[in-house]
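# Breakdown of the fold
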Amino acid sequence: MKKFIFVTGGVVSSLGKGIASASIGALLESHGYKVTFLKFDPYINVDPGTMSPFQHGEVYVTEDGAETDLDLGHYERFTNAKMTHKNNATSGQIYYSVIQKERKGEYLGKTVQVVPHVTNEIKERIFALKKEGDIIITEIGGTVGDIESLPFLEAIRQIQITLPEEDTIHIHLTLVPYIKAADEIKTKPTQHSVGRLREIGIQPKILLCRTEKPLTDEIKEKIALFCNVKKEAVIEAIDTDLIYEIPLIFARQKLDLILLKYLNLKKNPKNDLEKWREIVYILRNPEKEVKIGVVGKYIKLQDSYKSIYEALIHGGIANKCRVIFEKVDSELIEKEGAEKFLKDVSGIIVPGGFGIRGTEGIIEGIKYARENKIPFLGICLGLQCASIEFARNVCGLKDASSTEFNPRTKNPVIYLLPEQRRIKEKGGTMRLGAYPCVLKKGTISYNAYKRKIIYERHRHRYEFNNKYREIFEKNGMVIAGIYPEKDLVEIIELKNHPFFVATQFHPEFKSKPFKPHPLFSEFIKASCQFKD
Ligand code: GLN
């Protein structure tokens, strides 16, 4: 029997619904269940691929090349679930397929309506995941009360009444604010939020209450009474600076056992969360600290480089080291130089990005890393800018650039392949998802992965121009990884530098706290050694 958990959020956005859902998945996995996830995003874009990082935050890329919501990153990092395009759907996607079906005449002349046609489409997406797990955790993006999320809420309401009682459960994540002037914790917003859900026919059975102060028994009783849930199911989701502690925080309040009881599932008496305790212990009690400069063009937005920050933290776990971020907006480097921002760091990372803005600052930052022999990890745009920097400042090719930055660039170092130039549709030229890469023996990358063939996820349009390989190699660059089918450069490294690695792909998407990505582990290791 398949079980369905629905997670909604109330009062305000950004309460951490994605991490809460991922943590629930982790707890259920610890009891031996196979979990999978579905994230619904109530916006009209078909996917976040075309949205600005400032609008959306990170676009998380799955193995099969879907551009998805960053919550899928949390799901993959917290559990063994493997995400594909099936695990994220937007309103745009749902409506798109309803309209396509309508055009094909599949509704047999009926008036096509939100209920039942759109809601059926939503339900189909949920049921399509039955094959992928014992428990399907569906997270509805947005906040209860939004116009946009109504069809999703209606769909999950319908599922609940059509399935046996113990097969579905609604969990609501809400805010219980502390009001300083009154020195009190307030339950009213939660009451209102649950009230809104009940108006549309959804009675949550479990409340996860985001709070900065512990909830007293009295408060829990009050929430339980007014929101019509059992007191045991009022779970305190206290603020923490460590997201990997959240499964433990929930488990301490027996959330796993409550869920299993409501879903009529057996618990695993041997279940233990030792591996979570271990990583939390390392993160709380590191042996050392390292400061990493993150030089990017979307620094201002907290969520733009989510997986990068997590992967760096994982690299820290592998080295029993706390990673401190020095976030540097590359446009500031353009104005004030790299030294000012990067003089104290022991490692520099350049994450991905699109468009010319800020790239000169990135290039300057990379020059600083190269010249001062500071460990460097460049990702996608990071590889592209590192190649341009190398061409300009090592090979003496002053005008070197990318056609992305200047379409009229003569002899671009980074360019569109001839076959890409023929495709006119925007987005049609993207290389997305996992591709194989063959590593060269003896390189930093080969020694990190300890394997010859790796699979990593891509999300980019531009490629390294092979015309430059020879001159680059002559000047001390190592082509460490190749996509064999098209002979494309995937990894570059530098000789005469302790750790200079840049990849065309995004290794950060595959890093997990329990399985730190080898490039990130080695990068942090090299950074720890930098100041010694
Ligand atoms: N803008 C570059 C490209 O499209 C790099 C993309 C990225 O960093 N993911 O190729």
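As shown above, the structure is provided for reference.
Residues numbered from 1 in each chain as written. Predicted model: local features only at pLDDT ≥ 70, side-chain atom pairs only at ≥ 80, totals over all residues. Heavy atoms only, no water.

## Some details on the pattern of salt bridges
Where we set the bar: Between Lys or Arg on one side and Asp or Glu on the other, a salt bridge is scored when a side-chain nitrogen of the former is within 4 Å of a carboxyl oxygen of the latter. Per the convention used, a helix needs a DSSP run of H or I reaching at least four residues, while a strand needs a run of E reaching at least two, with both numbered from the N terminus. Each residue is assigned to one of three classes by its accessible area relative to the maximum for its type, calculated with a 1.4 Å probe on protein chains only: buried under 20%, partly exposed between the two thresholds, exposed over 50%.
Counting across every chain of the model gives 40 salt bridges. With a closest N to O distance of 3.9 Å, Glu470 and Lys474 form a salt bridge. Linking Glu470 with Lys474, this pair stays in helix α19 (residues 469-474), spanning four residues, or about one helical turn. Both residues of the pair, Glu470 and Lys474, count as exposed. Through salt bridges with shared partners, a single ionic network connects Lys39, Asp41, Asp69, Asp71 and Glu139.

## Some thoughts on the pairing of strand β2 (residues 35-41)
The criterion, for reference: Criterion used throughout: strands pair if DSSP finds at least two bridges between them.
Burial within β2 is extensive, with seven of its seven residues counted as buried. What you see with β2 is no split at all: Val35, Phe37, Lys39 and Asp41 on one side and Thr36, Leu38 and Phe40 on the other are buried throughout. Bridge count for β2 against strand β6 (residues 135-140) is six bridges, and the pairing is parallel. Counted as the bridge partner of Leu38 is Thr138 from β6. Pairing of β2 with strand β5 (residues 88-90) involves three bridges; the strand directions are parallel. From the neighbouring strand, Phe40 faces β5, where its bridge partner is Ala89.

## Some words on the sheet that holds strand β7 (residues 168-175)
This is how it is decided: Axis lines are fitted through C-alpha atoms, for helices just across the contact stretch, and the angle between N-to-C directions can take any value from 0 to 180 degrees. Working rule for contacts: check all heavy atoms of both residues, and any pair within 4.5 Å makes them a contact.
Strand order in the open sheet made by the seven strands is β5-β2-β6-β1-β7-β10-β11, with parallel pairing throughout. In this open sheet, the two strands that pair with only one neighbour each are β5 and β11 (234-238). Averaged over all pairs of adjacent strands, the angle between their axes in this sheet comes to 20 degrees, without regard to strand direction. Here strand β10 (residues 206-211) runs beside β11; their pairing, made up of five bridges, is parallel. Residue pairing across strands places Cys209 opposite Glu236, the latter belonging to β11. Most of the contacts of helix α3 (residues 71-78) go to β2, to which it runs at about 170 degrees, and overall it touches β2, β5 and β6. Packed onto the sheet, helix α5 (residues 114-127) meets β1 (3-9), β2, β5 and β6 and runs at close to 155 degrees relative to β2.

## So, the environment of Lys410
For Lys410, the position within the fold is in the loop between α16 (381-393) and β16 (414-415). Exposure remark for Lys410: the relative accessible area of 72% places this residue in the exposed category. Note: C-alpha distance between Lys410 and Asp399 (11 residues apart in sequence) is 8.3 Å.

## A look at a nonpolar patch on the surface
Which entries qualify depends on this criterion: Surface patches are drawn from residues lacking salt bridges whose relative accessible area is over 30%; two like charges belong together within 9 Å, two nonpolar side chains (Val, Leu, Ile, Met, Phe, Trp, Tyr) within 5 Å. With residues, only the protein chains shown are counted as cover, and all accessible areas are computed by Shrake-Rupley using a 1.4 Å probe.
A cluster of nonpolar side chains, Tyr95, Ile99, Val114 and Val115, forms an exposed patch at the surface whose accessible area comes to about 310 Å². Elements represented by at least two residues in the nonpolar patch include exactly α4 (91-103) and α5. With respect to the helices and strands, Val115 occurs in helix α5. Residue classification places Val115 among the partly exposed positions, given a relative accessible area of 43%.

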